[in-house]
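Read off the chains here:
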Amino acid sequence: SSALDFAISVIGVLVFVGLTAYDTQKIRNMYFEADSTEVATKKAVMGALTLYLDFINLMLMLLRLFGERR
């Protein structure tokens, strides 16, 4: 139903906004740890991939929320 789809979209947006904020803080805390350059590079790549997936899922939920339903 339309109301259930709307509710799922709103909940999904809220979940992914929270997950993005959580992952950003996690990356920030990992940055302050003293590591070798190889480990720091791997952390940077994994952090970027994590945020990328968060943003993709957030955009998909926003499209579900604000997109036209036919």
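That block above? That's the structure.
The structure contained in this document is the topic of the report that follows. Quick caveat: nothing in here was measured; it's all calculated off a predicted structure. (Residues numbered from 1 in each chain as written. Predicted model: local features only at pLDDT ≥ 70, side-chain atom pairs only at ≥ 80, totals over all residues. Heavy atoms only, no water.)

## Digging into the overall build of the chain
Within the chain, the secondary structure is distributed over 2 helices and 0 strands. Compactness check: the chain gives a C-alpha radius of gyration of 16 Å against a globular reference of 11 Å for 70 residues, more than 25% above the reference. Each principal axis of the C-alpha distribution contributes one length, and for the chain these read about 55 × 15 × 15 Å. Residues classed as buried in the chain amount to 19% of the 70 residues present. Sequence-distant contacts in the chain: of pairs separated by 6 or more residues, those separated by 24 or more amount to 88%. (Helix = DSSP H or I, 4+ residues; strand = E, 2+ residues; numbered from the N terminus. Rg over C-alpha atoms; globule rule 2.2 N^0.38 Å. Buried < 20%, exposed > 50% of the residue type's maximum accessible area, 1.4 Å probe, protein only. Contact = heavy atoms within 4.5 Å.)

## Focus on the environment of Ala-40
Counting through the fold element by element, Ala-40 comes out in helix H2 (residues 37–66). In sequence terms Ala-40 and Met-30 are 10 residues apart; their C-alpha atoms lie 8.7 Å from each other.

## A short note on H2
When the terminal C-alpha atoms of H2 are compared, their 43 Å separation across 30 residues agrees well with the 44 Å that a helix rising 1.5 Å per residue should span. For H2, every residue scored as buried is listed here: Lys-43, Gly-47, Leu-51, Asp-54, Leu-58, Met-61 and Leu-65. At its buried positions, H2 is contacted by helix H1 (2–31). (Expected span 1.5 Å × (residues − 1).)

## Structural notes on the nonpolar core
Residues Val-13, Phe-16, Leu-58, Met-61 and Leu-65 constitute the largest nonpolar core, which totals 5 residues. At the level of elements, H1 and H2 are the ones that each hand at least two residues to this core. A per-element tally of this core places H2 first, with 3 residues. Those residues in contact with Leu-65 that lie beyond four places of it in its chain are Phe-6, Ser-9, Val-10 and Val-13. (Core = buried A, V, L, I, M, F, W, Y, C linked by side-chain atoms within 4.5 Å.)

## Structural notes on the pattern of salt bridges
Going through the model one piece at a time under the given rule, you end up with 3 salt bridges. Residue Asp-5 is joined to Arg-64 by a salt bridge in which the shortest nitrogen-to-oxygen separation is 2.6 Å. Placement of Asp-5 in helix H1 and of Arg-64 in helix H2 is noted, with a sequence separation of 59 residues between them. With relative accessibility at 23%, the residue Asp-5 sits in the partly exposed group. Ionic pairing is found between Asp-23 and Lys-26, a salt bridge with its closest N-O pair at 3.9 Å. Here Asp-23 pairs with Lys-26, and both are found in helix H1, just 3 residues apart, close to one helical turn. Given the relative accessible area of 4%, Asp-23 is considered buried. (Salt bridge = Lys/Arg side-chain N within 4 Å of Asp/Glu carboxyl O.)

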